[in-house]
Amino acid sequence: MDAYRTLTTALLLAGLISSASAASYTFGVYNVTDGSSFWISRQSANMTLDLSGSVEGEIAPIAVTPAGRVLSPYYSASSDLDANDVRLRERTAALEGTYSSEEAIYLRAWANSAVNRTYFKPAGSGVWTITLEENWPVRLNASRTVDYAGKMINDRDSAGNNGDSVGASFLYNTELSKERNVAMRLERLNATVIATNDTIISADVFATRSTVYDIDSHSTGIADLRYRQVDSRNNIINIGEERYSGTYDITRRVKMELVETNVTKKTDWLNCCIEGCSGLDPCDTMPWGGAGVFGCAC
Amino acid sequence: MISITCLLLFQGASAINFHFSANSGGETVGIVESYDVDDSIGIGSRASASFNGGVSIAEKNRLWGSGNADINQAFYGSGGGADYTIYRALEALEASKIKGSGSSALTPTAGKVSSSISSRDCLETDAWIWGTQGGDAAGVESYAALADISTSQAVATGGSVAASQKVEAQGVYALAYGEGVDSEGSDVDIYARVSDGTLDASQGVKAGNSATGRQSAVVDGYYAYAYCTANNPDKNYYAYVDNYIQGNAYFEFLGEAAVNAGEARAHQISYAEGDLIWPWAESTYELEEKLWAGTRSFESWAWTNANDYDQDIVEL
């Protein structure tokens, strides 16, 4: 029996990209006076990806020549998925030890629908309202289990969804067991830019989306967990970073959503409200309703 | 690259620019626009990029209000083997009332752009539309000063470039102009103008393997002028016919011009009234002119080719 056993692998590859028809668009607003600008470029496709697989084996040195030349034992894997800014990145590298994992990825993306842009400036106002509407949805579900015991493993993943992100890194682990499930949905994107001839006053990009990230782990080493959520102006509104060094059992569930509701405010058409409506009657800042439109009281 | 170039061309001292482009399978369509308009002018536009069965953009826009407007737009398609660009521009100065609408339909190999503008009591209104594809180009322009003007213009590309317009104007000065240039450099020009009066003109130009133009114009004013000309500069083929009236002018003018590698030809038929009626017919080497007063109906021709050149003005 060869003293150096190689990694034994059972890999089941159920499916891969079945079709892809790429589509992209670019939308921009540029002001000459002060050089302010807003640009957005998006790319997607009518795309499907189904992948399932499992690995089970021992990471061990292996002799590759009669003279006894030996390959160093290691395992590495990486994956990058990106469909309309719905992303999944995984990196794993392990040294000598026992390793097993199972993985499944389900990806669907559509880019059939028309992309619409409008702009409007009423007579008597210097304010432009520019809108963009995209309905290119994405569904990305990914599950992965890892079981390792040995010299060392580094395992990192990050799930990103149009500015939001969540992920975990297990570094310098001698033992690692984890089960991770990610479900990301992108429904649509709406952008609204308010500008004058001279400058861009505001730009909001609403990608209606949700991200669910579940992880259960047992680790000996370093475990980093992080999440980040941004608003329509790409400002970070929620962020978390944690580091666990030692032996831990960790259970974590993160769910993030941003839903564009497209509520029209009474003040949207008022020039004076572009830079704040603090001086207005509160009645004028409430959303439109039937009573407000047709009645005499707010 | 087209969009960036256009954007730079359009930049004024104070303007807002928009870019919208769509790509699928290496084929692209797009719109680049620049607006420098008074607060008193309203603007609305809606564009939709479709990706089913090839990429395309459909767009509609309108404007209304009063005051000054300087608007430049470029529409383009590329990647399908027949790249094209269509330009549309409007400059209005001190219009007491202005109203307009436009639309475009773009695919990677063909585009259609049209617009209608009505301007009242303007200091100046200048509207033009111009298309290029594969070295062919065609465009039309309407201009009025201290006048009211209504114009409908259109350009279509796809195999050839065709431009047309219908103009009605009344005031101190107004003109309608069309030009077609084929890929060999041959061109036709058609033109009608009035001073202190009214202009009603329909014009069409087309550039493909040749260039052709036609117009019908009714001009009533102090001064009236219309012509059709065809020119092949490489071969020195030239043809020109006109009708020029000064003082109590009125004419009905129906003219056409055509040029290709073999000849340049122009023709018109007119009914004219005025104190001085002074038509020309000119070929490369000859000029014929008449001087009349009162009322005249006449027809004129001019042509030049490799074997012949001639011109004739015949009173009907």
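Values in this document were obtained by computation on a predicted structure and should not be read as measured data.

Chemist: Give me the overall build of chain B: which residues, what numbers.
Modeler: Scanning chain B for helices and strands turns up one helix and 16 strands. In summary, chain B has a C-alpha radius of gyration of 21 Å against a globular reference of 20 Å for 316 residues, a match within 12%. Projecting the C-alpha coordinates of chain B onto the three principal axes gives extents of approximately 60 × 45 × 30 Å. Counting every position in chain B, which comprises 316 residues, the buried fraction comes to 60%. In chain B, of all internal contacts separated by at least 6 residues, the share reaching a separation of at least 24 is 63%.

Chemist: Could you give an account of the overall build of chain A, with specific residues and numbers?
Modeler: Looking only at helices and strands, one finds one helix and 14 strands in chain A. Expressed as a percentage of its 298 residues, the buried residues of chain A come to 29%. Put simply, 70% of the contacts in chain A that link residues at least 6 apart link residues at least 24 apart.

Chemist: How would you sum up the pairing of strand β14 (residues 236–258) of chain A? Please name residues and give values.
Modeler: Residue and element names in this part refer to chain A. In terms of strand pairing, strand β13 (residues 200–230) meets β14 through 22 bridges, oriented antiparallel. Looking across to β14, one finds that glycine 221 is bridged to glycine 246. In sequence, β13 turns back onto β14 through a hairpin of five residues, with asparagine 234 there showing a positive phi of about 65 degrees.

Chemist: Tell me about unusual backbone geometry, and name the residues and values.
Modeler: All names here are of chain B. In this structure, glutamate 94 is a non-glycine residue whose phi angle is positive, near 50 degrees. Relative to the assigned elements, glutamate 94 resides in strand β5 (residues 84–106). Here asparagine 236, not a glycine, exhibits a phi torsion of approximately 60 degrees, which is positive. As for its placement among the helices and strands, asparagine 236 is situated in the loop between β10 (211–232) and β11 (237–259). Among the residues examined, asparagine 236 registers 12 C-beta atoms within 10 Å and is labelled exposed.

Chemist: Hey, could you go over the nonpolar core for me, with residue numbers and the actual values?
Modeler: All names here are of chain B. In this structure, Val155, Ala163, Ala174, Ala192, Leu199, Val219 and Ala239 are the most contacted members of the largest nonpolar core, which totals 151 residues. Among the elements that line this core, the one with the most residues is β11, at 13 residues. Setting aside chain neighbours within four positions, we find alanine 192 in contact with Leu175, Ala176, Leu199, Ala201, Gln215, Ala217, Val219, Ala226 and Phe253.

Chemist: Could you give an account of the confidence of the model for chain A, with specific residues and numbers?
Modeler: All names here are of chain A. Summing up the model confidence of chain A, the mean pLDDT is 85 and the portion of residues at 70 or higher is 81%. For chain A, helix α1 (residues 290–294) is the element with the lowest average pLDDT, namely 51, and strand β11 (residues 138–161) is the one with the highest, namely 98. Segment residues 269–277: pLDDT under 50, and eight contacts once partners within four positions in sequence are set aside and those in other chains are kept.

Chemist: Can you tell me about the interface of chain A and chain B, naming the residues and giving the values?
Modeler: Taken together, the contact between chain A and chain B spans 31 residues of the former and 31 residues of the latter. Those elements that place two or more of their residues in the side of chain A that touches chain B are β1 (22–31) and β9 (115–121) of chain A. Take the side of chain A that touches chain B: its biggest share by element is 10 residues, from β1(A). Class assignment for the residues of the side of chain A that touches chain B results in 16 nonpolar, 12 polar and three charged. Looking at chain direction, β9(A) and strand β3 (residues 41–50) of chain B are connected through seven bridges and run antiparallel. Each bridged residue has a counterpart across the sheet, and for A:Thr118 the counterpart in β3(B) is B:Arg46.

Chemist: Outline the environment of A:Glu257, supporting the account with residue identities and numerical values.
Modeler: Residue and element names in this part refer to chain A. Within the fold, glutamate 257 resides in strand β14. Taking the number of C-beta atoms within 10 Å as the measure of exposure, glutamate 257 has 13 and is therefore partly exposed. A C-alpha to C-alpha distance of 23 Å links glutamate 257 and alanine 104, two positions 153 residues apart in sequence.

Chemist: Let's hear about the pairing of β11(B): which residues, and what values?
Modeler: A regular strand places its side chains on the two faces of the sheet in alternate fashion. All names here are of chain B. Counting buried positions over the 23 residues of β11 gives 17, a clear majority of the element. Summarising the sheet, β10 and β11 pair through 21 bridges and their orientation is antiparallel. Paired with threonine 229 across the strands is tyrosine 240, a residue of β11. In textbook terms, the turn of a hairpin is the stretch between consecutive antiparallel strands, and for β10 and β11 this stretch comprises four residues, one of which, asparagine 236, has a positive phi near 60 degrees. Where β11 meets strand β13 (residues 280–283), three bridges bridge the pair, whose relative direction is antiparallel. Bridge pairing in β13 places valine 241 opposite alanine 281. Relative to strand β12 (residues 263–277), β11 runs antiparallel, the two being bridged by 12 bridges.

Chemist: Describe the environment of B:Ala281, naming the residues involved and giving the relevant values.
Modeler: You can see B:Ala281 is positioned in strand β13. Through-space distance from the C-alpha of B:Ala281 to that of B:Asp310 is 8.9 Å; in sequence the pair is 29 residues apart.

Chemist: Could you give an account of the environment of B:Ala249, with specific residues and numbers?
Modeler: Residues and elements named next belong to chain B. Within the secondary structure, alanine 249 sits in strand β11. For alanine 249, a count of 25 C-beta atoms within 10 Å corresponds to the buried category. Taking the C-alpha atoms as reference, alanine 249 lies 9.2 Å from tyrosine 225; in sequence the two are 24 residues apart. Those residues in contact with alanine 249, other than ones at most four positions away along the chain, are Val219, Gly221, Tyr222, Tyr223, Ala224 and Gly274.

Chemist: Requested: an account of the confidence of the model for chain B, with residues and values cited.
Modeler: The predicted model of chain B has a mean per-residue pLDDT of 94, with 96% of residues at 70 or higher. Across the whole predicted complex the pTM is 0.86, and at the interface the ipTM reaches 0.89.

Criteria and thresholds
- Residues numbered from 1 in each chain as written.
- Chains lettered and ligands numbered in written order.
- Predicted model: local features only at pLDDT ≥ 70, side-chain atom pairs only at ≥ 80, totals over all residues.
- Helix = DSSP H or I, 4+ residues; strand = E, 2+ residues; numbered from the N terminus.
- Rg over C-alpha atoms; globule rule 2.2 N^0.38 Å.
- Buried ≥ 20, exposed ≤ 12 C-beta atoms within 10 Å, placed from the backbone.
- Contact = placed C-beta atoms within 7 Å.
- Pairing = 2+ DSSP bridges.
- Core = buried A, V, L, I, M, F, W, Y, C linked by C-beta atoms within 7 Å.
- pLDDT = per-residue confidence, 0-100.
- Nonpolar A, V, L, I, M, F, W, Y, C, P; charged D, E, K, R; others polar.

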